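Notes for the structure review
Okay, here's what each chain looks like letter by letter:
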There are 2 protein chains.
Amino acid sequence: MRSISIFGATGSIGEQTVDLLLRAGGAGTHRVVALTGGRNLARLAEMARLLRAEIAVCADPRDLRELRERLAGSGVEAAAGPEALLEAADRPADWVMSAIVGAAGLAPGFRALRHGGTLALANKESLVTAGPLLMAEAARQRARILPVDSEHSAIFQALVGEDIAAVERIILTASGGALRDWPIERLAAATVAEALAHPNWTMGHRITIDSASMFNKALEVIETREFFGVAPEQIEVIIHPESLIHSMVGYRDGAIMAHMGAPDMRHSIGYALNWPERAPLPVARLDLARIGQLTFRAPDLQRYPALRLAREVMARRGLAGAAFNAAKEVALDHFLAGGIGFMDMGCVVEAVLEVLDPELGRENDRMTLEDVQAVDHLARQRAGEIVRRQAGER
Amino acid sequence: MRSISIFGATGSIGEQTVDLLLRAGGAGTHRVVALTGGRNLARLAEMARLLRAEIAVCADPRDLRELRERLAGSGVEAAAGPEALLEAADRPADWVMSAIVGAAGLAPGFRALRHGGTLALANKESLVTAGPLLMAEAARQRARILPVDSEHSAIFQALVGEDIAAVERIILTASGGALRDWPIERLAAATVAEALAHPNWTMGHRITIDSASMFNKALEVIETREFFGVAPEQIEVIIHPESLIHSMVGYRDGAIMAHMGAPDMRHSIGYALNWPERAPLPVARLDLARIGQLTFRAPDLQRYPALRLAREVMARRGLAGAAFNAAKEVALDHFLAGGIGFMDMGCVVEAVLEVLDPELGRENDRMTLEDVQAVDHLARQRAGEIVRRQAGER
């Protein structure tokens, strides 16, 4: 029986992973090792009972007592805090879902690679901030990383049975976000509510804003470069408002293999769960005749500076991804709080990359997790300073 | 050095195969065994000289003297006629292109399977009329058949590295042909010239009419059933006027893998030539942003009775494909000659299938090439009679 751990079980990806496990037979078909969650202790305890997990870990040590109470009599061990999270990652599991959101997801995923099993990677920050490190560790441990983002899962699927040397280009699709049809001169004044009106996917607030600014796509471009090992100039982005083609791979014989499907993350999660098999999944089937049309347009780099910045990060590599991601997070915080405008986010990130340029010089094969964390910290500081300086100038 | 033969070298597919071989280095990189052609002796002789073929075979024995003269001093052997064609197919070759148009292409391809190499199959009739026979012979001889039609090549490519058991559906795309936007009540009066105005592909007259009537798609549906071994109900047809998605495979996890590319047969030919590798090919690359949109609609079975008849043929199998194909050929002849109307073609084929029903009872595993030829002959006779009877009634 395959052993499974889920990091970030109570988030959206975690919930859908648990849903698929329960549909597949739950505790009867999988041995669940660790489930970790944030603040939703009731749900975490419920999942742990349903799946008969060995251990449930919550983020905050102050919640340990309540988690213990909720698990009383279940036989599920309770633990809490960052150290407990890493200890849970050290428990061997054949398949580990890394779905903790943000920089906090990096370390547990990295540790889980040591078992030499499969890491299903939904945490975007891992590859963006520490791609070379993570891929090298996976190779060293003979572990396998499977992408869970719909775009990277699509690319991975379009590469099944193919030779990466025959790849000419990878084409990431982007919805273009809520503001894609706005006149460019109005973007600076876009409000949070306006940027949140995403047309296709129902997602959290942060990622929906990142979709409108295409910072999300910029992260995915960097992930694509790190995960698939292609050259930056082989990666293209195309706006595809219907979001039904999840990405494409173009080969040197002119073929483009495109992956299509309903916008349902359970497909990508289920693909990673069942790989290398394709098991039946409870997702809607596309009816292209009813859909009628799929449209495409080139992204405007004026409108989406994040895409331009992603190219700079890819050219630089090393610790540039960590700085980019951290600066983006801070800029997003300030936009959500009403402190800066929509188009200011790109300016803040660009300024951070500029000011940190001398600090990003670590070679890809010399950087450590500590370097990544240090640059993350530094970039957040600098981004905060830049925002305050801008506010002072106004 | 790989040995290659091309049956139907002077036709459109043959010409493009020769083009790719010459670009790949011609006689220096491949040992060309046999080239066969129809009436264009000058071109056949020129190709044979360029590729330093062992033997060139023309269709008509009366042309042998001229072919010999054209090959004088080249060291290329000349031969002519159906027996010579089969003898050429008996010469061992690692890779054989079967691109003779029509029922005449069946026997040489069948014979070439005996070498246990690769048969690149462009001849549509082979699978439609003798699918069970051909696939069984390939299995027995441990030979491999690679599809060259753009649709079947697309499906084949969407299946690379995948398990056929995970396939839920195969979606063949169809341009819908020249008359797809006509009001259905006007179709009966469509002229040959009108049906020839195909929007995307430049093809021969016969196949362009078959595209307008979707008899071509009906043949491809039957081929799909025979080649990939899926159930008839797993095969769907969708109208996709831009013809840039060449076909799709839907899996049981909800994924659809679609193959896209420029409408250039050199892609499918080159794919079969280089398989399992993807070598660089001189075909245009798709620029989806410039293309802007891809559209889809369901085919109307009233408008395209050929699709309904294909389902009947698939339900029946055995010799029904041979009867269907032969009746279609005769109906097409009469439409091209102005003897019957556009919508009469479907009526003639349906009537032939009905009248021949008792003759089509041969089991798939008992039928022979002779049975196929006999039913082909009989169906042509019956179709002629039906056309004459219809003409008499008018």
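On a predicted model such as this, the values are computed, not experimentally measured, just so you know.

This paragraph deals with the overall build of chain A. Helix and strand counts for chain A stand at 16 helices and 12 strands. The C-alpha atoms of chain A give a radius of gyration of 21 Å, which matches the 21 Å a tight globule of 394 residues would have. Principal axes of the C-alpha set define a box for chain A whose edges measure 60 × 50 × 40 Å. Within chain A, the fraction of its 394 residues that count as buried is 60%.

Right, let's get into the sheet that holds strand β1 (residues 2-7) of chain A. Residues and elements named next belong to chain A. Strands sit in the order β4-β3-β2-β1-β5-β6-β7 across an open sheet of 7 strands; the sheet is parallel. Sheet topology places β4 (77-80) and β7 (144-147) at the edges, where each strand pairs with a single neighbour. Direction aside, the axes of adjacent strands within the sheet are offset by 20 degrees on average. Across 4 bridges, the pairing between strand β2 (residues 30-37) and strand β3 (residues 55-58) is parallel. Looking at β3, one finds that Gly37 is bridged to Cys58. Strands β1, β2 and β5 (95-98) of the sheet are contacted by helix α1 (residues 12-23), whose axis makes an angle of about 155 degrees with β1. Lying over the sheet, helix α11 (residues 265-274) contacts β1, β5, β6 (118-121) and β7, oriented at roughly 155 degrees with respect to β5.

Right, let's talk about the relation of the copies chain A and chain B for a bit. Copy one and copy two of the chain differ by a rotation about a common axis and a shift along it. Once chain A is rotated about the relating axis by 180 degrees and shifted along it by 0.0 Å, it coincides with chain B to within an RMSD of 0.0 Å. What the rotation and shift describe, once combined, is the action of a two-fold rotation axis. Residue Gly161(A), judged by its C-alpha, is the member of chain A lying nearest the rotation axis, at 2.1 Å. The overlap is high: 100% of the interface residues of chain A also sit at the interface in chain B, so the same surface is used on both sides.

A few words now on the pattern of salt bridges. Side-chain pairs of opposite charge can arise whenever the charged atoms involved come near each other. Evaluated as defined, the whole model comprises 64 salt bridges over all chains. Of the charged contacts in the structure, one is a salt bridge between Glu329(B) and Arg206(B), with a shortest N-O distance of 2.6 Å. Placement of the pair is Glu329(B) in helix α14 (residues 320-336) and Arg206(B) in helix α9 (residues 205-213), with a sequence separation of 123 residues. On the basis of relative accessible area, Arg206(B) is assigned to the partly exposed category, the value being 31%. Across the pair Arg308(B) and Glu350(B) runs a salt bridge whose closest N-O atoms are separated by 3.1 Å. Taken as a pair, Arg308(B) in helix α13 (residues 305-316) and Glu350(B) in helix α15 (residues 344-355) lie far apart in primary sequence, 42 residues in all. Glu350(B) sits in the partly exposed class, given a relative accessible area of 23%. A cluster of three or more residues bridged by salt bridges with shared partners is formed by Lys124(A), Asp149(A), Glu151(A), Lys217(A) and Glu220(A).

All names here are of chain A. Parsing chain A into structural domains produces domain 1 (2-147), domain 2 (153-263 + 285-291) and domain 3 (317-393). The centre of domain 1, based on its C-alpha atoms, is set 28 Å off from the matching centre of domain 3. Between domain 1 and domain 3, the residue contacts involve 9 residues of the former and 13 residues of the latter. The largest share of the area that domain 1 buries against domain 3 comes from Thr129, Pro132 and Leu133, three residues that together contribute 52% of it. Taken together, domain 1 and domain 3 are joined by 0 salt bridges. At the boundary of domain 1 and domain 3, one finds 0 residue pairs in polar contact (both at pLDDT 80 or more). Taken together, the elements giving at least two residues each to the side of domain 1 that touches domain 3 come down to α5 (106-112) and α6 (124-140). For the side of domain 1 that touches domain 3, the element with the highest residue contribution is α6, accounting for 6 residues. Grouping the amino acids of the side of domain 1 that touches domain 3 by side-chain chemistry returns 7 nonpolar, 1 polar and 1 charged.

Core analysis: the largest hydrophobic core is formed by 266 residues, its most contacted members being Leu35(A), Met97(A), Phe324(A), Leu35(B), Met97(B) and Phe324(B). Phe324(B) has contacts with Phe215(B), Ala218(B), Leu219(B), Ile222(B), Ala306(B), Leu309(B), Ala310(B), Val313(B), Val349(B) and Leu353(B), leaving out every residue within four places of it along the chain.

Further remarks concern the interface of chain A and chain B. Taken together, the contacts link 40 residues of chain A with 40 residues of chain B. Summed over both partners, the interface of chain A with chain B comes to about 3500 Å²; 56% of that surface belongs to carbon and sulfur atoms. The three residues of chain A that bury the most area against chain B are Arg252(A), Asp253(A) and Arg278(A), which together make up 21% of that side's buried surface. In this structure, Asp253(A) engages Arg278(B) in a salt bridge whose closest nitrogen and oxygen atoms are separated by 2.9 Å.

This part is about the packing of aromatic side chains. Per the stated rule, a full pass over the model turns up 12 aromatic pairs over all chains. When the ring of Phe215(A) is compared with that of Phe324(A), the centres are 5.6 Å apart and the planes differ by 45 degrees; the resulting orientation is tilted. Taken together, the residues Phe215(A) in helix α10 (residues 215-228) and Phe324(A) in helix α14 (residues 320-336) connect sequence positions 109 residues apart. In terms of burial, Phe215(A) and Phe324(A) fall into one category: buried. An aromatic cluster of three or more residues is present, and its members are Phe156(A), Phe227(A), Phe228(A), Tyr271(A) and Trp275(A). The ring of Tyr251(B) is capped by Arg278(A), whose NZ or CZ atom sits 4.4 Å from the centre of that ring.

This part takes up helix α7 (residues 150-158) of chain A. The buried fraction of α7(A) is high, at 9 of 9 residues. Looking at α7(A), one finds that the buried residues are Ser150(A), Glu151(A), His152(A), Ser153(A), Ala154(A), Ile155(A), Phe156(A), Gln157(A) and Ala158(A).

It is worth spelling out the side chain of His152(B) at this point. All names here are of chain B. Structurally, the position occupied by His152 is in helix α7 (residues 150-158). Classification of His152 as buried rests on a relative accessible area of 3%. Separated by 3.1 Å, the side chains of His152 and Thr224 make a polar contact. Beyond its immediate stretch of four places on either side in the chain, His152 contacts Pro147, Glu220, Glu223, Thr224 and Phe228.

Residue and element names in this part refer to chain A. Here Arg43 is to be found in helix α2 (residues 41-50). Taking the C-alpha atoms as reference points, Arg43 and Thr10, separated by 33 residues in sequence, lie 6.8 Å from one another. Not counting the four nearest positions on each side in its chain, Arg43 is found in contact with Thr10, Glu15, Val18 and Leu50. Here Glu15 takes part through its side chain, which lies 2.6 Å from a polar atom of the side chain of Arg43.

All names here are of chain B. Orientation of α9 relative to α14, taken along the N-to-C sense of each, is 100 degrees, at an axis distance of 11 Å. Relative to α14, the element α9 lies roughly perpendicular. Only Lys328, Glu329, Leu332, Asp333, Phe335 and Leu336 of α14 make contact with α9, whose side of the interface consists of Arg206, Ile209 and Asp210. Taken together, the residues that form the contact of α9 with α14 break down as 4 nonpolar, no polar and 5 charged.

In this section: the side chain of Ser213(A). Among the secondary structure elements, Ser213(A) is positioned in helix α9 (residues 205-213). Beyond its immediate chain neighbours, meaning those up to four positions away, Ser213(A) contacts Tyr304(A), Ala306(A), Phe342(A) and Met345(A).

Scoring rules and cut-offs
Residues numbered from 1 in each chain as written. Chains lettered and ligands numbered in written order. Predicted model: local features only at pLDDT ≥ 70, side-chain atom pairs only at ≥ 80, totals over all residues. Heavy atoms only, no water. Helix = DSSP H or I, 4+ residues; strand = E, 2+ residues; numbered from the N terminus. Rg over C-alpha atoms; globule rule 2.2 N^0.38 Å. Buried < 20%, exposed > 50% of the residue type's maximum accessible area, 1.4 Å probe, protein only. Pairing = 2+ DSSP bridges. Axes fitted to C-alpha atoms, helices over the stretch in contact; angles between N-to-C directions. Contact = heavy atoms within 4.5 Å. Least-squares fit on C-alpha atoms with pLDDT ≥ 70 in both. Salt bridge = Lys/Arg side-chain N within 4 Å of Asp/Glu carboxyl O. Domains from an automatic or database assignment. Buried area = accessible area lost by both parts, 1.4 Å probe. Polar contact = N/O pair within 3.5 Å; in protein donor to acceptor, adjacent residues only side chain to side chain. Nonpolar A, V, L, I, M, F, W, Y, C, P; charged D, E, K, R; others polar. Core = buried A, V, L, I, M, F, W, Y, C linked by side-chain atoms within 4.5 Å. Phe/Tyr/Trp six-rings, centres within 6.5 Å; stacked < 30°, edge-to-face > 60°. Lys NZ or Arg CZ within 6 Å of the ring centre and 35° of its normal. Parallel < 35°, antiparallel > 145°, perpendicular 65-115°, else oblique.

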